[in-house]
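Residues per chain, in single letters:
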Amino acid sequence: MTRLGIDVGGTRTKWVALEGDAVVGSGTVPTPPGPDETVELAAWLASELAPDAESIGIGLPGHVDRATGTALFVPNPPGDWDGYPLGVRLRALAGVPVSVVNDARAFALAELELGAARGLADVLFAVLGTGVGGAVALGGAVLVGPRDNLGEIGHVTVAPWGQACCCGNRGCVETFAAGPGIVRGFSSGTAAKVTAQQLTVEEVAEAARAGDGRAAKAFERAGWALGVALGDAASVFGVGSVVVGGGVSGALDLMRSALHAQLARRRPLIGDIAVLPAVLGPLAGAIGAALYGRRSG
């Protein structure tokens, strides 16, 4: 039984075909310019690359109504997503059951069932990419909420005076620890007028590993912000483990010292927190989406 999973990102969209727990096909394409084009892409993937798929799970980087498959607040991908009836339109084109879920909850389900958190019951998840997503599992189940929004650590306030965030707040973790925030933190400290559009987070990481102090500082700030938020979340949920993944997590080593310092500062309250790198790689969100789709089929 084949299940198609799609993970819509701010710039790239990933897909997997899942048979049981095994990935039998996968790929990455540029994220389409809007929701209508995303529906067309998903339908094409189902018909051409996974023609035997019996369900589709699609993860969005924002809040969704799972019951109706409607996008509610999806700020990072291009186009106007708010209120878009993704599930209804995709099912009409593809002719199979469709599950629309938050991408961080999809990531969490994949890592909980098949990845770094396998065998653990109570875990926090952080997904570092174009934005910062988060999720929490308690008692072996990923928590959801009415807008599929439980565990949004990326929008915990760490600096009320800080950079404006896409959510309408200022100083969210996302403004420090997402890829654009790290690039911005580095470029704002350069003598030359380097814009964020001229750099990638991978280039900033390369500079940090080569000894550039400004680049190292940008990752230190990212680790600090992430540590503050994870400490807050651990104090609320009482978990002892954190799984960190997403495209920016390849630079986790550059953030780890500052992150651990914040968690250690709060040890009397939260205890020791194990910080685990995700193991399913860039396809984790798509795998989780397929797992959710399997439940709908």
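As a reminder, the structure under discussion sits directly above these lines.
Residues numbered from 1 in each chain as written. Predicted model: local features only at pLDDT ≥ 70, side-chain atom pairs only at ≥ 80, totals over all residues. Heavy atoms only, no water.

Here the focus is the environment of Arg89. Turning to its location among the elements, Arg89 is positioned in helix α2 (residues 86-94). When the C-alpha positions of Arg89 and Gly271 are compared, they lie 47 Å apart, and in sequence the two are 182 residues distant. Once you skip the residues sitting within four places of it in the chain, Arg89 turns out to touch Asp36, Val39 and Tyr84. (Helix = DSSP H or I, 4+ residues; strand = E, 2+ residues; numbered from the N terminus. Contact = heavy atoms within 4.5 Å.)

Moving on to the sheet that holds strand β11 (residues 241-245). Reading across the sheet, the five strands line up as β10-β9-β8-β11-β12 and stay open at both edges, with mixed pairing between neighbours. Of all the strands in the sheet, just β10 (141-142) and β12 (274-277) have a single pairing partner and so form its edges. Relative to β11, strand β8 (residues 123-128) is paired through five bridges, and the arrangement is parallel. Bridge pairing in β11 links Ala126 to Val244. Along the sheet, helix α8 (residues 252-265) contacts β8, β11 and β12; its crossing angle with β12, the most-contacted strand, is approximately 160°. (Pairing = 2+ DSSP bridges. Axes fitted to C-alpha atoms, helices over the stretch in contact; angles between N-to-C directions.)

On to the side chain of Arg105, then. Here Arg105 lies in helix α3 (residues 103-114). Within the local environment of Arg105, its side chain forms a polar contact with the backbone oxygen of Asp148, the two atoms lying 2.3 Å apart. From its side chain, Arg105 meets the backbone oxygen of Leu150 in a polar contact 2.8 Å long. Sequence-distant contacts of Arg105, that is, excluding residues within four places in its chain, are made with Arg66, Gly134, Ala135, Val142, Leu143, Asp148, Asn149, Leu150, Gly151, Glu152 and Tyr292. (Polar contact = N/O pair within 3.5 Å; in protein donor to acceptor, adjacent residues only side chain to side chain.)

It is worth spelling out the side chain of Thr31 at this point. Position of Thr31 relative to the elements: it lies in the loop between β3 (22-30) and α1 (35-49). A polar contact is formed between the side chain of Thr31 and the backbone oxygen of Gly9, at a distance of 2.8 Å. Those residues in contact with Thr31 that sit more than four places away from it in its chain are Val8, Gly9, Gly10, Thr11, Arg12, Thr13, Pro77 and Pro78.

It is worth spelling out the sheet that holds strand β1 (residues 2-8) at this point. Reading across the sheet, the five strands line up as β3-β2-β1-β4-β7 and stay open at both edges, with mixed pairing between neighbours. With one partner strand each, in any of the chains shown, β3 and β7 (98-102) form the two edges of the open sheet. The average undirected angle you get between the axes of adjacent strands in this sheet is 20°. As judged from the seven bridges shared by β1 and strand β2 (residues 12-19), these two strands associate in the antiparallel manner.

With that settled, the discussion passes to the packing of aromatic side chains. Evaluated as defined, the whole model comprises three aromatic pairs. A centroid spacing of 6.0 Å and a plane angle of 70° characterise the contact between Trp81 and Tyr84, whose relative ring orientation is edge-to-face. Per residue, the accessibility class of Trp81 equals that of Tyr84, and both read buried. Ring centres of Phe107 and Phe125 lie 6.2 Å apart, and the angle between their planes is 85°; on these two criteria the pair is classed as edge-to-face. Of the two residues, Phe107 is situated in helix α3 and Phe125 in strand β8; the sequence distance between them amounts to 18 residues. Judged by relative accessible area, which is 1%, Phe125 ranks as buried. Residue placement shows Arg66 over the ring face of Tyr292; its charged tip is 4.4 Å from the ring centre. (Phe/Tyr/Trp six-rings, centres within 6.5 Å; stacked < 30°, edge-to-face > 60°. Buried < 20%, exposed > 50% of the residue type's maximum accessible area, 1.4 Å probe, protein only. Lys NZ or Arg CZ within 6 Å of the ring centre and 35° of its normal.)

Leu124, Val173, Ile182, Phe219, Leu226, Leu230 and Met255 are the most contacted members of the largest nonpolar core, which totals 43 residues. The set of elements that each furnish at least two residues to this core consists of β8, β9 (132-138), α4 (174-177), α5 (179-187), α6 (201-209), α7 (213-237), β11 and α8. With 11 residues, the top contributor of residues to this core is α7. Look past the residues within four positions of Phe219 in its chain and what remains in contact with it is Ile182, Val201, Val204, Ala205, Ala208, Ala251, Leu254 and Met255. With 27 residues, the next largest nonpolar core counts Ala108, Leu109, Leu112 and Ala117 among its residues. (Core = buried A, V, L, I, M, F, W, Y, C linked by side-chain atoms within 4.5 Å.)

Turning next to the pairing of strand β6 (residues 70-73). Regular strands show a simple pattern: their side chains alternate between the two faces of the sheet. Judged from the three bridges that link them, strand β5 (residues 63-65) and β6 form a sheet pairing that is antiparallel. Each bridged residue has a counterpart across the sheet, and for Val64 the counterpart in β6 is Ala71. From the end of β5 to the start of β6, which pair antiparallel, there are four residues, and Gly69 there has a positive phi angle of about 70°.

Okay, the pattern of salt bridges next. One pass over the structure, following the stated rule, counts nine salt bridges. Two residues, Arg89 and Asp36, come together in a salt bridge whose shortest N-O distance is 3.3 Å. Residue Arg89 is located in helix α2, and its partner Asp36 is located in helix α1; the two are separated by 53 residues in the primary sequence. Across the pair Glu152 and Arg105 runs a salt bridge whose closest N-O atoms are separated by 3.3 Å. Taken together, the residues span a long stretch of sequence, with Glu152 in the loop between β10 and α4 and Arg105 in helix α3 at a distance of 47 residues. The class for Arg105 is buried, based on a relative accessible area of 0%. Look at the salt bridges and you will find they share partners, linking Arg66, Arg105, Asp148 and Glu152 into a network. (Salt bridge = Lys/Arg side-chain N within 4 Å of Asp/Glu carboxyl O.)

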